[in-house]
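Close look at the chain arrangement
Here are the chains, one letter per residue:
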Amino acid sequence: MDIDFLSLALLLLVSFIASFLNAIVGGGGLISLPALLAIGLPPSTAIATNKLANTISNGTSMLTFLRAGKVDFKKIGKILPFIFLGSLLGAYTVHLVSPAILKPLMLVMLVLVTAYTIWKKDWGQQPQQRVLHTAKKIAYMGAFTAIGFYDGFFGPGTGSFFIFLLLMMGHDFLQAAGNAKAFNFTSNLAALMMFLYLGEVNFLYGFSMGFVMIFGAILGSKFALKGGTKMMRVIFIMMTCILIVKNAWDYFSH
């Protein structure tokens, strides 16, 4: 493979920024995936390679939040298998259908998530104990499975969607961010396994990005833990607004 070292250097810089932001509130895939497409990788290979890098990045973030006591596997353990299976199926679907078909839906969902978060001013500032009845539990499981499918199929914005659902369940922003990293790691790992089976991963770019993303993920996670829930809310709203503008531009310009 011919390597453009300038392109690789820019890709690594973008990867660091993406992992830093992703560790705080998600959305890093919006930066890293287009960067992989820009250097000429086919869409399926770009998504697969991004999954390798993000598995390393989200694994690092998850461990940082876990050490700080912000990942509760007792609460989220039953959700992980559904996310894993959803992502596995989503990754398999990538080589059958173009991921571009989900862009309009993602744009609508991001607008709704952002509007709701702005409207609920004190939302996510303190954890809330909520009793989930059977119907709600089934609905949440379906939603988490669908997001897992989306992450395997496309990916950008997944962390924000996970955080939003966890906030709906009564987590505060820091708890939601920590548990979302476990969800992200699970969905990334499932998708990566499928992409490895399908032979879609570019290991040179994936491992290079993953190595740099370790440092971005550590710094981003520590920044989030230090900033607290109020700062997390502000950054969450800012990041989802950026996601909306970027995706709207991409969608309507084409």
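Here is what the cut-offs are and how they apply
- Residue positions within a chain follow its written sequence, with the count starting from 1.
- The model is predicted, so local features are restricted to residues of pLDDT at least 70 and side-chain atom pairs to those at 80 or more, both for listing and for counting; the totals for chains, interfaces and linings are taken over all residues.
- Excluding hydrogens and water, the side-chain values take into account all heavy atoms of the structure.
- Numbered from the N terminus, helices here are DSSP runs of H or I no shorter than four residues, and strands are runs of E no shorter than two.
- Only protein chains enter the area calculation, which uses a 1.4 Å probe; residues under 20% of their type maximum are buried, those over 50% are exposed, and those in between are partly exposed.
- Should any heavy atoms of two residues lie within 4.5 Å, those residues are considered in contact.
- For the area figures, the Shrake-Rupley method with a 1.4 Å probe applies, and any residue is considered shielded solely by the protein chains shown.
- pLDDT expresses, on a scale from 0 to 100, how confident the predictor is about each individual residue.
- Only Phe, Tyr and Trp rings are paired, with Trp represented by its six-membered ring, and only when their centres lie within 6.5 Å; those with planes under 30 degrees apart are stacked, over 60 edge-to-face, the remainder tilted.
- Only the stretch in contact is used when fitting a helix axis, every axis being a line fitted to C-alpha atoms; angles between N-to-C directions are given from 0 to 180 degrees.
- Every angle not falling under 35 degrees, over 145, or within 65 to 115 is termed oblique; those three ranges are roughly parallel, roughly antiparallel and roughly perpendicular.
- Should the near helix be turned counterclockwise from the far one by less than a right angle, the crossing is left-handed, whereas a clockwise turn marks it as right-handed.
- Note that Gly is not counted as nonpolar here; it falls among the polar residues with everything else outside the nonpolar set of Ala, Val, Leu, Ile, Met, Phe, Trp, Tyr, Cys and Pro and the charged set of Asp, Glu, Lys and Arg.
- Patch construction takes residues with relative accessible area above 30% that form no salt bridge. Like charges are linked within 9 Å, and nonpolar side chains (Val, Leu, Ile, Met, Phe, Trp, Tyr) are linked within 5 Å.
- Definition used for salt bridges: Asp or Glu carboxyl oxygen within 4 Å of a side-chain nitrogen of Lys or Arg.
- Put simply, a nonpolar core is a bunch of buried Ala, Val, Leu, Ile, Met, Phe, Trp, Tyr and Cys residues held in one set by side-chain atoms that sit within 4.5 Å of each other.

Time to look at the overall build of the protein. Counting its secondary structure elements, the protein contains 10 helices and 0 strands. Taken from the N to the C terminus, the helices and strands of the protein come in the order α-α-α-α-α-α-α-α-α-α. A burial count over the protein gives 53% of its 254 residues as buried. Taking contacts inside the protein between residues at least 6 apart in sequence as the whole, the part at least 24 apart equals 83%. Just so you have it, the protein exposes about 11,800 Å², and 72% of that area is on carbon and sulfur atoms.

A separate point is the confidence of the model for the protein. On average, residues of the protein carry a pLDDT of 83, and 83% of them reach 70 or more. Across the protein, helix H5 (residues 80-94) holds the top mean pLDDT of 94, while helix H6 (residues 103-119) sits lowest at 69.

Next up on the list: the packing of aromatic side chains. The final tally for this structure, using the stated rule, is 9 aromatic pairs. Measuring from centroid to centroid gives 5.7 Å for Phe-149 and Phe-153, while their planes differ by 20°, and the two rings are stacked. Here Phe-149 pairs with Phe-153, and both are found in helix H7 (residues 134-153), just 4 residues apart, close to one helical turn. Taking the relative accessible area as the measure of exposure, Phe-149 reaches 26% and is therefore partly exposed. Accessibility expressed as a relative area gives 2% for Phe-153, which makes it buried.

Take the packing of helix H8 (residues 158-168) against helix H9 (residues 173-198) next. Axes are the key here: two packed helices are described by the angle between their axes and the distance separating the axes. One way to put it is that H8 packs onto H9 with a least axis distance of 8 Å and a crossing angle of 130°. Taken together, the axis directions place H8 and H9 in an arrangement best described as oblique. In this structure, H8 crosses over H9, and the sense of that crossing is right-handed. Judged by residue contacts, Thr-158, Gly-159, Phe-162, Ile-163, Leu-166 and Leu-167 of H8 engage Phe-173, Ala-176, Ala-177, Asn-179, Ala-180, Phe-183, Asn-184 and Ser-187 from H9. Across the contact of H8 with H9, the residue classes break down as 9 nonpolar, 5 polar and no charged.

Here we take up the side chain of Asn-54. Here Asn-54 shows up in helix H3 (residues 43-67). Of the residues examined, Asn-54 reaches a relative accessible area of 10% and is grouped as buried.

On the secondary structure map, Ile-147 appears in helix H7. According to the relative accessible area criterion, Ile-147 is buried, its value standing at 11%. Expressed as a C-alpha distance, the spacing of Ile-147 and Phe-161, which sit 14 residues apart in the sequence, is 7.3 Å. With near-sequence residues (within four places) excluded, Ile-147 lies in contact with Thr-158, Phe-161, Phe-162 and Leu-165.

For the rest of this paragraph, the subject is a nonpolar patch on the surface. A contiguous nonpolar patch, built from Leu-6, Leu-10, Leu-13 and Ile-17 and spanning about 400 Å² of accessible area, is present on the exposed surface. Mapped onto the secondary structure, Ile-17 falls in helix H1 (residues 5-25). Looking at Ile-17, the relative accessible area reads 40%, which means it is partly exposed.

Once that is clear, we can look at the nonpolar core. Of all hydrophobic cores here, the largest spans 52 residues; its most connected members are Phe-144, Phe-183 and Phe-195. Listing elements by their share of this core, those giving two or more residues are H1, helix H2 (29-38), H3, H5, H7, H8, H9 and helix H10 (203-253). With 10 residues, H9 is the single largest residue contributor to this core.

Relative to each other, H3 and H9 sit at 145°, their axes nearing to 8 Å. In the packing of H3 onto H9, the handedness of the crossing is left-handed. Seen from H3, the contacting residues are Ser-44, Ile-47, Ala-48, Lys-51, Leu-52, Asn-54, Thr-55, Asn-58, Gly-59, Ser-61, Met-62 and Phe-65; seen from H9, they are Leu-174, Ala-177, Gly-178, Lys-181, Ala-182, Asn-184, Phe-185, Asn-188, Leu-189, Ala-191, Leu-192 and Phe-195. Tallied by class, the residues present in the contact of H3 with H9 amount to 13 nonpolar, 9 polar and 2 charged.

Counting buried residues in H8 gives 10 out of 11 residues, a clear majority hidden from the surface. Of all the positions in H8, only Thr-158, Gly-159, Ser-160, Phe-161, Phe-162, Ile-163, Phe-164, Leu-165, Leu-166 and Leu-167 are classed as buried. Residue Gly-170 follows H8 closely and has a positive phi angle near 110°.

Right, let's talk about the environment of Val-14 for a bit. Looking at where Val-14 falls in the secondary structure, it is placed in helix H1. In sequence terms Val-14 and Leu-33 are 19 residues apart; their C-alpha atoms lie 9.9 Å from each other. Not counting residues up to four positions away in its chain, the partners in contact with Val-14 are Ile-31, Ser-32 and Ala-35.

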